[in-house]
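Reading the structure
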Amino acid sequence: MEQEQKPQEEAQPYTLVLAPNPSVMTGPGTNTIVVGEETTGALVIDPAVDDPAYLEQVIAAGEARGGIRRILITHGHPDHCGGAAALRARLGVPVLAFSREGVALADEELEDGARLAAGSDTLRAIYTPGHRFDHLCFLLERAGVLFAGDLLAGVGTVVIAPPEGDMGAYLTSLRRLQGLALRQIVPAHGPIILDPTSKLAEYIEHRLLREQQVITALGRFPQGATVGDLVPYVYADVSPALHALAAQSLTAHLLKLEQEGRVHRHGGERWLLRR
């Protein structure tokens, strides 16, 4: 009697290496991605820190996929490109990013929609500004896996800090992702997101709720309010220890509302509802 053959599990199309840079901003650390196959070699997304043991892990993960051919950066914050120069020096491969303005060490710039071979799949660059002006996500097209950088986090939300961050652009980027057929999202920080549709809707709903809370809080101050006045009302559900970070996103909300003509500033620091 023939033994029943079990179907082979499909190999994971990427390897995740956790960078040793945990903090309040990075959570457990930056998720560095190694993607590709022997046929095309590997691509590395967001080598985060210049740490020899960590970079050895990244290189080993790349060797298992045909050797690292390119280094990709989602955006220019240090916890996403801090190991890029050292890795480039070790391997002699180029660094690619959206712009040299955002990532000064970039050897090549990637346009929105640029495609890179990743074995039998293709990695597509998607321009998603908002968290930062130069932010890219990378979509592994056939697999439906989005490497999201800091557009989303596995736990909690993302800080939008002007002037580099822009709340209106951020919401537009989230809505753009809603048009993609995604099976999972791999954020730069925190666990993998297995229900992309729900998470994207949750993020948009959360930002719009915060926006309404900003408007409600401003209604308490007919003579106008500073960001410091507003934070305790808008972020009453957030630990006071995080209010300094929250103030950055609150400022981003106010700037969006100002662009839309819904609020205005008096004396540079006091915000008022436009009647």
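In what follows, the structure referred to is the one given above.
The following paragraphs examine the structure supplied in this document.

Describing empty space enclosed by the protein
In this approach a probe as big as a water molecule rolls over the atoms, and the regions it shows empty are the leftover space. Applying the stated criterion across every chain yields a total of 1 cavity of 30 Å³ or more. A volume near 50 Å³ is recorded for the largest cavity. Every residue lining the largest cavity is listed: Asn31, Ile33, Ile45, Asp46, Thr74, Phe147, Ala148, Gly149, Val186, Pro187 and Ala188. When residues in the lining of the largest cavity are grouped by element, the largest group, 3 residues, is from strand E10 (residues 145-149). Class assignment for the residues of the lining of the largest cavity results in 7 nonpolar, 3 polar and 1 charged.

Side note on the pattern of salt bridges
A full pass over the atoms with the stated rule returns 16 salt bridges. The salt bridge involving glutamate 141 is made with arginine 115; its shortest N-O contact spans 2.9 Å. With glutamate 141 in the loop between strand E9 (136-140) and E10 and arginine 115 in strand E7 (residues 115-118), this pair connects stretches of sequence that are 26 residues apart. Using a relative accessible area of 26% as the deciding quantity, one classes glutamate 141 as partly exposed. For lysine 199, the salt bridge is made with glutamate 202, and the minimal N-O distance between the two is 3.5 Å. Within this pair, lysine 199 and its partner glutamate 202 are both found in helix H5 (residues 196-218), separated by 3 residues, close to a single helical turn.

Things to note about the sheet that holds E7
Reading across the sheet, the 5 strands line up as E7-E8-E9-E10-E11 and stay open at both edges, with mixed pairing between neighbours. Sheet topology places E7 and strand E11 (184-187) at the edges, where each strand pairs with a single neighbour. Across the sheet, the mean angle from the axis of one strand to that of its neighbour is 25°, orientation sign disregarded. With 5 bridges joining them, strand E8 (residues 121-127) and E9 adopt antiparallel strand pairing. Bridge pairing in E9 links alanine 125 to phenylalanine 138.

So, a nonpolar patch on the surface
Where nonpolar side chains cluster on the molecular surface, the patch consists of Leu16, Leu18, Ile192 and Leu194 and spans about 350 Å² of accessible area. Along the chain, leucine 16 falls in strand E1 (residues 14-18).

Considerations on the side chain of glutamine 184
With respect to the element layout, glutamine 184 can be found in strand E11. By relative accessible area, glutamine 184 is classed as buried at 15%. Engagement of the side chain of glutamine 184 in a polar contact is seen with the side chain of tyrosine 14, the distance being 2.4 Å. Excluding its chain neighbours within four sequence positions, the residues that come into contact with glutamine 184 are Tyr14, Gly144, Val145, Leu146, Ile192, Ile193, Leu194 and Pro196.

Quick notes on the packing of aromatic side chains
Using the criterion set out here, one finds 3 aromatic pairs in the structure. Seen in terms of ring centroids, tyrosine 14 and phenylalanine 147 are 5.3 Å apart; in terms of plane orientation they differ by 85°. Their pairing is edge-to-face. You can see tyrosine 14 sitting in strand E1 and its partner phenylalanine 147 sitting in strand E10, a full 133 residues away along the chain. Assigned by exposure class, tyrosine 14 and phenylalanine 147 land together as buried. Centroid distance phenylalanine 98 to tyrosine 127: 4.1 Å. Interplanar angle 5°. Geometry classified as stacked. With a gap of 29 residues between them, phenylalanine 98 in the loop between strand E5 (95-97) and strand E6 (108-109) and tyrosine 127 in strand E8 connect regions that are remote in the sequence. On the basis of relative accessible area, tyrosine 127 is assigned to the partly exposed category, the value being 25%.

So, the sheet that holds strand E2 (residues 31-37)
Overall, mixed pairing links the 6 strands, which are arranged E1-E2-E3-E4-E5-E6 in an open sheet. Looking along the sheet, the strands with just one partner apiece sit at the ends: E1 and E6. On top of the sheet, helix H1 (residues 52-63) reaches E1, E2, strand E3 (41-45) and strand E4 (68-72); it is set at about 175° to E1, its chief contact. Where helix H3 (residues 84-91) meets the sheet, its contacts fall on E3, E4 and E5, and the angle it forms with E4 comes to roughly 160°.

So, how was this worked out
- Residues numbered from 1 in each chain as written.
- Predicted model: local features only at pLDDT ≥ 70, side-chain atom pairs only at ≥ 80, totals over all residues.
- Heavy atoms only, no water.
- 1 Å grid on protein atoms, 1.4 Å probe; cavity = no way out; pocket = protein on both sides within 12 Å on 5 of 7 lines; lining within 4 Å.
- Points joined across faces, edges and corners; volume = space filled by probe spheres on them.
- Helix = DSSP H or I, 4+ residues; strand = E, 2+ residues; numbered from the N terminus.
- Nonpolar A, V, L, I, M, F, W, Y, C, P; charged D, E, K, R; others polar.
- Salt bridge = Lys/Arg side-chain N within 4 Å of Asp/Glu carboxyl O.
- Buried < 20%, exposed > 50% of the residue type's maximum accessible area, 1.4 Å probe, protein only.
- Pairing = 2+ DSSP bridges.
- Axes fitted to C-alpha atoms, helices over the stretch in contact; angles between N-to-C directions.
- Patch = residues over 30% accessible without salt bridge, like charges linked within 9 Å, V, L, I, M, F, W, Y side chains within 5 Å.
- Areas by Shrake-Rupley, 256 points an atom, 1.4 Å probe, with all protein chains shown as cover.
- Polar contact = N/O pair within 3.5 Å; in protein donor to acceptor, adjacent residues only side chain to side chain.
- Contact = heavy atoms within 4.5 Å.
- Phe/Tyr/Trp six-rings, centres within 6.5 Å; stacked < 30°, edge-to-face > 60°.

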